[in-house]
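Residue-level structural notes
Spelled out from the first residue to the last, the chains are:
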Amino acid sequence: MWRTISYVSTADPSLTNAEVNELFKFVKKNNNSKNITGILMYSDGNFFQVLEGEKDQIQSLFEKILLDSRHYDVIKIFDRAIPNCSFSQYHSSFIVLGEKYNHKELQHFLREEKSHNPDNYKNISYLANKFMKLS
Ligand SMILES: Cc1cc2nc3c(=O)[nH]c(=O)nc-3n(C[C@H](O)[C@H](O)[C@H](O)COP(=O)(O)O)c2cc1C
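Since the structure is predicted, the reported quantities are computational estimates derived from the model, not experimental observations.

This brings us to the side chain of Ser9. By the secondary structure assignment, Ser9 is in strand 1 (residues 2–11). Residue Ser9 is classed as buried on the basis of its relative accessible area of 2%. Here Ser9 is in contact with Gly45, Asn46, Phe47, His71, Tyr72, Asp73 and Val74, once residues within four sequence places are set aside.

Looking now at the environment of Lys133. Mapped onto the fold, Lys133 is located in the segment after helix 5 (118–131). Overall, the relative accessible area of 54% leaves Lys133 in the exposed class. With 90 residues separating them in the primary sequence, Lys133 and Ser43 have C-alpha atoms 9.1 Å apart. If we ignore the near neighbours within four places in the chain, the residues touching Lys133 are Ser43 and Asp44.

We now examine the environment of Tyr121. Along the chain, Tyr121 falls in helix 5. When the C-alpha atoms of Tyr121 and Leu110 are compared, they prove to be 6.9 Å apart, with 11 residues separating the residues in sequence.

This brings us to the site of the ligand. Around the ligand sit 15 residues, and of these Asn30, Asn31, Gln49, Asp68 and Arg70 come closest. Note that an oxygen atom of the ligand is positioned 3.3 Å from one of the side-chain N or O atoms of Lys64. Listing elements by their share of the shell around the ligand, those giving two or more residues are helix 1 (17–33), strand 3 (46–54) and helix 2 (55–66). Among the elements that line the shell around the ligand, the one with the most residues is helix 1, at five residues.

Let's shift gears to the pattern of salt bridges. As enumerated under the stated definition, the model contains four salt bridges in all. For Lys25, the salt bridge goes to Glu22, with nearest N and O atoms at 3.6 Å. Here the residue Lys25 and the residue Glu22 both occupy positions in helix 1, the gap between them amounting to three residues, near one helical turn. Take Lys25: its relative accessible area is 58%, and that puts it in the exposed class. Look at Glu22 and you get partly exposed, because its relative accessible area is 46%. Lys76 is paired through a salt bridge with Asp79; the nearest N and O atoms lie 2.6 Å apart. Via salt bridges that share partners, Arg3, Lys76 and Asp79 belong to a single interconnected network.

Under the 1.5 Å per step criterion, the end-to-end length of helix 4 (residues 103–116) is 20 Å for 14 residues, consistent within 8% with the ideal 20 Å. Considered for burial, the residues of helix 4 that qualify are Leu106, Phe109, Leu110, Glu112 and Glu113. On an axial view of helix 4, the arc spanned by its buried residues comes to 165 degrees, and they lie on one face. For helix 4, exposure combined with an orientation more than 90 degrees from the buried face picks out Lys104, Arg111, Lys114 and Ser115.

About the cut-offs
Throughout this description, residue numbers start from 1 for each chain and increase along the sequence as written. Thresholds applied to this predicted model are a pLDDT of at least 70 for local features of residues and 80 or more for the giving and counting of side-chain atom pairs; totals over whole chains, interfaces and linings are not thresholded and use all residues. Remark: hydrogens and water are excluded; side-chain values derive from all non-hydrogen atoms of the structure. Strands are runs of DSSP state E lasting at least two residues, helices are runs of H or I lasting at least four, and both sets are numbered from the N terminus onward. Using a 1.4 Å probe on the protein chains alone, a residue whose accessible area is under 20% of its type maximum counts as buried, one over 50% counts as exposed, and one in between counts as partly exposed. Residues count as neighbours in contact if any of their non-hydrogen atoms are within 4.5 Å of one another. Near, as used in this document, describes a residue that has one of its heavy atoms within 4 Å of the molecule or strand being considered. Within 3.5 Å is the distance limit for a polar contact, defined as a pair of N or O atoms, with the added protein rule that one can donate a hydrogen and the other accept it, and that residues adjacent in sequence qualify only through two side-chain atoms. Each reported salt bridge corresponds to a side-chain nitrogen of Lys or Arg within 4 Å of a carboxyl oxygen of Asp or Glu. Expected span, for any helix, means 1.5 Å times one less than how many residues it has. Think of the arc as the fan of directions from the helix axis to the C-beta atoms.

See the structure below:
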């Protein structure tokens, strides 16, 4: 069983840019080693994250994330099953995007979502673009 969870949250105001970068580095490494894919973005003191992977792993990771004091006011956007076909092959790596980023990575992620998880695509693309002030 495969699952995807997405949420937005507010970063703890005391979190420094260096700490956000540390978190990004940790998340990328940890998620790639566990075949968890998706995206984590930070903009203007808020996080937006999409997690995709094996159901139990995603659920227990999300429970940990909920308890993390580096952010609060976590609002779930969706939490649903996804087909497992070719799943971990299409996103080659977990993507992290800070304020200064190459938006090509985001567009690539969105294109892949559109073909593999069309149900998620509309929500994600609207929010991700708004979040990064691209539209
Ligand atoms: C906004 C936000 C997003 C996070 N995303 C992830 C993630 O995708 N993967 C991950 O392993 N940890 C993530 N974390 C960190 C976890 O909350 C937790 O600190 C980490 O998994 C280490 O847990 P452990 O010490 O129990 O291994 C995130 C934390 C925050 C604040």
